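Observations on chain architecture
Below are the chains, spelled out letter by letter.
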Amino acid sequence: MNFVIRKFMDYLPALVLFGALLVLWQMAVTVFGIRQYLLPSPASVLAAMTSGQIDWAGHIAVTAAAIFGAFVIAAVGGIALGIVIAWSDVMSRALMPFLVFVNTLPKVAVAPLFLLWLGYGILPNMLIGALIGFFPVVINTAVGLSQIDSDMLDLGRVFNAPKWKVFAKIRIPNAYPYILSALKVTATAAVVGAIVGEFVASQRGLGYVIITSQSSMNTPLAFGALVWISIIGLALFGAVAGLSRVVAPWAEGQEAN
């Protein structure tokens, strides 16, 4: 019970701020008589979110799968590349310029190419999300593996530990705070990437709902889809934060920014 109370008090300022913004939003719509197609009230957005006019569950499932897939691809690929870069100076010099080049590509412009190569479906949306989210994982993993106390490395040399064991026992645990911090960034970036993919071409998903609702001027429906997207993003971010407390509780409060 004390744990629940403590957690509630931790999130109380955010809940108060969120509640105050909702009240101000509702008051602004009511007092100034803003038309619904310009800015719907929170009540109308809530009604749209729970309306049976569209298959919310189906659209949410499609978008959630795209976001989760993008996150997994970015996390696994980013950590693997970060290890390769930290393992070999030659690979670092070879890969880093290429990765920077890929990261600077405008993702909205790349999305149609993915569609051309892979066709319609959830896979292009996953890859676009992964493309946006993997770079922080690569950089933070490489930095975490490299920024280590020299005394720890000297200890490994004293015991004649091979390079792979130094990585497994010393470097990778040292990189946990960096990796976990990057995964939190990637959790939000994957949301952006997956929705960008659905904007470009999709027949299902919350991005598709936003596009179709704009054409019909159904702004409450678009806001409802945005709220559902935010909920999915918050859930993924919370899952990563919970994982960090399980995998590396000692790293809490020490994660790299």
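What you are looking at is a predicted structure, and each value in this text was computed from that prediction instead of being measured. (Residues numbered from 1 in each chain as written. Predicted model: local features only at pLDDT ≥ 70, side-chain atom pairs only at ≥ 80, totals over all residues. Heavy atoms only, no water.)

Quick notes on the UniProt feature "transmembrane region" (unreviewed entry) in the protein chain
- Mapped onto this structure's residue numbering, the UniProt feature "transmembrane region" (unreviewed entry) falls at residues 57–86, 98–120, 126–145, 175–201 and 221–243.
- End C-alpha to end C-alpha, residues 98–120 measures 28 Å, and it is 83% helix and 0% strand.
- In residues 175–201, the share of helix is 96% and the share of strand is 0%. The end C-alpha atoms are 38 Å apart. (UniProt positions renumbered as here; feature names shortened; annotations may be inferred. Helix = DSSP H or I, 4+ residues; strand = E, 2+ residues; numbered from the N terminus.)

Regarding the packing of aromatic side chains
- Overall, the coordinates contain 3 aromatic pairs when judged by the stated rule.
- Aromatic side chains W25 and F223 sit 5.8 Å apart centroid to centroid with 45 degrees between the ring planes, which places their arrangement in the tilted category. Of the two residues, W25 is situated in helix α1 (residues 2–32) and F223 in helix α10 (residues 219–247); the sequence distance between them amounts to 198 residues.
- With centroids separated by 6.0 Å and ring planes inclined at 35 degrees, the aromatic side chains of F114 and W117 adopt a geometry described as tilted. Residue F114 and its partner W117 are located together in helix α5 (residues 107–118), separated by 3 residues, close to a single helical turn. (Phe/Tyr/Trp six-rings, centres within 6.5 Å; stacked < 30°, edge-to-face > 60°.)

Observations regarding the side chain of T63
- Among the secondary structure elements, T63 is positioned in helix α3 (residues 56–87).
- If we skip the residues at most four places from it in the chain, T63 touches I195, E198, G205, L206, G207 and I232. (Contact = heavy atoms within 4.5 Å.)

Some thoughts on the nonpolar core
- By size, the foremost hydrophobic cluster in this structure holds 30 residues, and its most contacted members are W56, I67, F71, L183, L206, A225 and I229.
- Among the elements of the structure, α3, α6 (122–146), α8 (163–200), α9 (206–215) and α10 are those that each provide at least two residues to this core.
- Considering each element in turn, this core owes the most residues, 10 residues, to α8.
- Ignoring any residue separated from it by four or fewer positions in sequence, one finds L183 in contact with F71, A75, V137 and V240.
- Within the second largest apolar cluster, 16 residues are counted, among which are I85, V110, A111 and V196. (Core = buried A, V, L, I, M, F, W, Y, C linked by side-chain atoms within 4.5 Å. Buried < 20%, exposed > 50% of the residue type's maximum accessible area, 1.4 Å probe, protein only.)

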